[in-house]
Amino acid sequence: MTPPLRRLRLAHGGLAGLAEAVRSGALPADAPLRASLERVASQDPALHAFTQVLADAVPGTEGPLAGLPVAVKDNIDVAGHVTSLGLPLDARPVAERDAEVVTLLKEAGAVLVGKTNLPELASSAVTRNPHHGDARNPWDPERTAGGSSGGSAVAVAADMVVAALGTDTAGSTLIPAALTGVCGMRPTHGRLSTRGVVPLSPTFDTVGVMAWDPRDVALVFGVLDGSAGRTPAEVDLAGLRVGVLTGWFREAEPGVLARFDEAVARLAEAGAVPVPVELPTAPVVRDRARVIYTREVGAVYSGLLDEGTVYSASVERRRVPGADDAGYARALRFRAEWRREVEAAFADADVLACPTTPITAPRIDTATEETTSALMAFTYPFCLAGVPALSLPCGLQDGLPVGMTLVAPAGADLRLLDVGAALPVHSRPYPPPPREHHP
């Protein structure tokens with residue numbers, strides 16, 4: 001049975017049509033919100049997508065997102081509500097004003113249903129949380145939804161909201177989107193405002209968007225970057241050069257590679273031209289990027305953590321900045337060289353493509369530091385390059401979603417979304433709905 005919000009979305013041809021139905025009065029303004037809250041009540045006690053459900057939610061009746069129920073990760077400020085960072089609600093202050101991206105959502109008519117779960121201080125690619133529960137994957141609740149924007153992914157995948165904002169530092173939007181079978185975008189670094197978003201690593205941090213379909217991601221993204229109302233460009237797949245990344249990016253589970261290769265084959269059948277592209281430096285990027293990440297995270301944490309409090313292991317490992325000034329400077333120089341290498345790859349390709357993660361969603365109870373490192377293997381390189389990346393579901397492996405990432409040159413965010421909307425990477429338009437789960 002198709003869940004209520006998805007039925008509404010399908011009945012109106014996507015989120016743009018659903019918002020138009022609210023604006024025109026063809027649909028009661030509170031209909032999407034009522035469907036959302038009913039779904040939250042039935043699903044969230046088992047899946048732990050939310051840290052807070054906002055009782056003061058009021059749907060708008062004007063704007064490109066009129067009446068659409070959305071959620072934001074709980075490291076993004078919402079005025080009058082705690083920004084928990086995944087810590088207990090009574091351990092953190094109430095935000096005095098909305099983050100800029102929240103202001104833009106509200107002005108566009110969206111209704112903010114709640115704030116979503118994350119590991120303490122957004123510190124892991126697996127959303128385990130001792131205070132708010134572990135974010136569970138709707139496809140198999142014994143498995144992780146990924147992280148650190150795991151709650152946002154669950155809220156979309158389980159049909160509790162039609163779109164959600166996460167943040168992305170080293171793949172924190174792309175990874176959960178892939179593991180839960182939704183679309184997720186990490187924009188060009190610096191493209192979207194991070195005012196009112198608690199920082200983690202400024203060199204990498206960005207706001208990310210998740211929804212069911214690239215067109216829906218584009219609708220929300222347009223509100224955030226000022227391009228709302230833009231008519232998406234029609235993309236002719238004939239001759240589109242898809243740079244299929246080789247080498248390091250083939251080091252994935254056989255089932256993941258099989259689903260990815262099938263998606264590439266569907267692109268070729270539609271007229272696209274797959275071309276092999278190698279990024280020779282990719283195998284060392286993750287370790288070099290971590291030098292920057294640990295240095296910056298340690299500095300941020302020093303101002304956030306209480307001296308006498310013991311936090312999750314993923315936080316405790318990052319309490320102290322990991323590199324001296326010279327090591328940090330070398331890593332920044334490497335970043336500039338890596339960006340040039342990625343930029344050069346677009347001489348042979350219009351977009352680059354690889355699996356989003358080399359593995360499908362691991363079990364929550366067996367996830368280790370090695371697991372979380374594996375989940376970030378293919379996302380870290382593009383986060384360091386600062387280029388836009390879009391994860392699309394491209395099939396199932398043993399009943400679990402597999403994601404395919406498309407990457408465009410820096411600044412080509414809208415073009416990337418247009419291409420994503422045109423690509424037949426799914427075996428059908430939408431993955432099957434996540435199964436109902438009752439504790």
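The numbers attached to residues start from 1 for each chain and follow its sequence in the written order. Given that this is a predicted model, residues contribute local features only at a pLDDT of at least 70 and side-chain atom pairs are listed and counted only at 80 or more, while totals for whole chains, interfaces and linings are drawn from all residues. Processing note: side-chain calculations cover all non-hydrogen atoms of the structure and skip hydrogens and water entirely.

### Some points on the overall build of the protein
Okay, step 1: Only DSSP runs of H or I reaching four residues or more are called helices, and only runs of E reaching two or more are called strands; each is numbered from the N terminus. From N to C terminus, the protein includes 14 helices and 13 strands.
Okay, step 2: On C-alpha atoms alone, the protein measures out to a radius of gyration of 20 Å, which is about the 22 Å that the 2.2 N^0.38 rule sets for 439 residues.
Okay, step 3: Its C-alpha atoms give the protein principal-axis dimensions of roughly 60 × 55 × 40 Å.
Okay, step 4: Between buried and exposed lies partly exposed: a residue is buried under 20% and exposed over 50% of the maximum accessible area for its type, with that area taken using a 1.4 Å probe on protein chains only. Burial analysis of the protein (439 residues in total) assigns 62% to the buried set. Radius of gyration here uses only the C-alpha atoms, and the compact-globule reference equals 2.2 Å multiplied by the residue count raised to the power 0.38.

### Focus: the confidence of the model for the protein
Predicted coordinates in regions of low pLDDT should not be interpreted in detail.
Okay, step 1: How sure the predictor is of each residue is captured by pLDDT, a score from 0 to 100. Mean pLDDT for the protein: 93, with 96% of residues reaching 70 or above.
Okay, step 2: Note on contacts: a residue pair is in contact if any heavy atoms of the two residues lie within 4.5 Å. Predicted confidence for residues 427-432 stays below pLDDT 50, and this span has 13 contacts to residues more than four positions away or in other chains.

### Details of the pairing of strand S10 (residues 273-277)
Two faces belong to every sheet, and in a regular strand the side chains alternate between them.
Okay, step 1: Only strands joined by at least two bridges in the DSSP assignment are considered to pair. Of the pairings in the sheet, the one linking strand S9 (residues 241-245) to S10 comprises 5 bridges and is parallel in character. Within the sheet, the bridge partner assigned to Arg-241 lies in S10 and is Val-273.
Okay, step 2: The crossover handedness rule: strands pointing away from the viewer, path from first strand over the helix to second strand clockwise, crossover right-handed. In the classification by handedness, the crossover that spans S9, the intervening helix H8 (residues 254-269) and the parallel S10 is right-handed.

### Things to note about the packing of aromatic side chains
Okay, step 1: Any Phe, Tyr or Trp ring, taking Trp's six-membered ring, that has another such ring centre within 6.5 Å forms a pair; planes under 30 degrees apart are called stacked, those over 60 apart edge-to-face, and the others tilted. Scanning the entire structure with this criterion turns up 4 aromatic pairs.
Okay, step 2: An angle of 70° between the planes, with centres 6.0 Å apart, marks the rings of Phe-204 and Tyr-380 as edge-to-face. Of the two residues, Phe-204 sits in the loop between strand S7 (183-186) and strand S8 (206-211) while Tyr-380 sits in helix H13 (residues 380-385), which places them 176 residues apart along the sequence. Side by side, Phe-204 and Tyr-380 carry an identical accessibility label, which is buried.
Okay, step 3: Ring geometry for Trp-248 and Phe-378: centres 6.4 Å apart, planes at 80°, overall edge-to-face. Pair noted here: Trp-248 is in the loop between S9 and H8 and Phe-378 is in the loop between helix H12 (369-375) and H13, with a separation of 130 residues, a long-range link.
Okay, step 4: Classification of Trp-248 by relative accessible area gives buried; the value is 16%.
Okay, step 5: Judged by relative accessible area, which is 2%, Phe-378 ranks as buried.
Okay, step 6: Clustering of aromatic rings is evident, with ring pairs tying together Trp-248, Phe-249, Phe-378 and Phe-382.
Okay, step 7: Arg-288 extends its terminal NZ or CZ atom over the ring of Phe-334, reaching a point 4.8 Å from the ring centre. For a Lys NZ or an Arg CZ to count as sitting over a ring, it must be within 6 Å of the ring centre and within 35 degrees of the ring normal.

### Concerning the packing of helix H1 (residues 4-11) against helix H3 (residues 31-47)
Okay, step 1: Think of each axis as a best-fit line through the C-alpha atoms, taken over the contacting stretch in the case of a helix, with angles from 0 to 180 degrees between the N-to-C directions. The geometry of H1 relative to H3 is characterised by a closest axis approach of 8 Å and an angle of 150° between their N-to-C directions. One finds that H1 runs roughly antiparallel with respect to H3. Of H3, the residues touching H1 (which contributes Pro-4, Leu-5 and Leu-8) are Ala-31, Pro-32, Ala-35 and Ser-36.
Okay, step 2: Looking at the contact of H1 with H3 residue by residue, the class counts come to 6 nonpolar, 1 polar and no charged. Our angle categories are set so that under 35 degrees counts as roughly parallel, over 145 as roughly antiparallel, 65 to 115 as roughly perpendicular, and the remainder as oblique. Charged means Asp, Glu, Lys or Arg here, nonpolar means Ala, Val, Leu, Ile, Met, Phe, Trp, Tyr, Cys or Pro, and polar covers whatever is left, Gly included.

### Some thoughts on the layout of surface pockets
Gaps left between atoms show up when a probe the size of a water molecule is rolled over them.
Okay, step 1: Quantified by volume, the largest pocket comes out at close to 420 Å³.
Okay, step 2: The way it works is a 1 Å grid over only the protein atoms, where trapped points that fit a 1.4 Å probe form a cavity and open points with protein on both sides within 12 Å along at least five of seven lines form a pocket, and then any residue with an atom within 4 Å of a point lines it. Forming the walls of the largest pocket are 24 residues, and the residues nearest its centre are Arg-215, Ala-218, Leu-219, Arg-230 and Pro-232.
Okay, step 3: With 6 residues, helix H7 (residues 214-225) is the largest single contributor of residues to the lining of the largest pocket.
Okay, step 4: Among the residues making up the lining of the largest pocket, the classes are represented as 12 nonpolar, 6 polar and 6 charged. Grid points are joined across faces, edges and corners, and a volume is the space filled by probe spheres set on the points.

### Side note on H1
Okay, step 1: Residues Leu-5, Arg-6, Leu-8 and Arg-9 constitute the buried set of H1. Across the axial projection of H1, the buried residues extend over an arc of 160°, all falling on one side.
Okay, step 2: Looking at the buried positions of H1, the neighbouring elements they touch are helix H2 (15-24), H3, strand S2 (69-73), helix H5 (150-157) and H7. Our arc is simply the arc of the directions from the helix axis toward the C-beta atoms.

### Quick look at the pattern of salt bridges
Okay, step 1: Should a side-chain nitrogen of Lys or Arg be within 4 Å of a carboxyl oxygen of Asp or Glu, the pair is scored as a salt bridge. Applying the stated criterion to the full structure yields 22 salt bridges.
Okay, step 2: A salt bridge links Asp-159 to Arg-6; its shortest N-O distance comes to 3.9 Å. Of the two residues, Asp-159 sits in the loop between H5 and strand S6 (163-168) while Arg-6 sits in helix H1, which places them 153 residues apart along the sequence. Across the pair, exposure class does not vary: Asp-159 and Arg-6 are buried alike.
Okay, step 3: A salt bridge links Glu-369 to Arg-317; the shortest N-O distance between them is 2.4 Å. Taken together, the residues span a long stretch of sequence, with Glu-369 in helix H12 and Arg-317 in the loop between helix H10 (313-316) and helix H11 (325-345) at a distance of 52 residues.
Okay, step 4: Relative accessible area serves as the criterion here: at 39%, Glu-369 is assigned to the partly exposed category.
Okay, step 5: Three or more residues are tied together by salt bridges with common partners; here these are Arg-191, Asp-225 and Asp-413.

### Focus on the pairing of S2
Okay, step 1: Burial analysis of S2 places 5 of its 5 residues in the buried class, the great majority of the element.
Okay, step 2: Side chains Pro-69, Ala-71 and Lys-73 project from S2 onto one buried face, and the interleaved Val-70 and Val-72 project onto a second face that is buried too.
Okay, step 3: Two elements, S2 and strand S3 (residues 111-116), share 5 bridges in a ladder whose sense is parallel. Looking at S3, one finds that Ala-71 is bridged to Gly-114.
Okay, step 4: As for the winding sense of the linkage, the β-α-β connection from S2 through helix H4 (residues 100-107) to S3 is right-handed.

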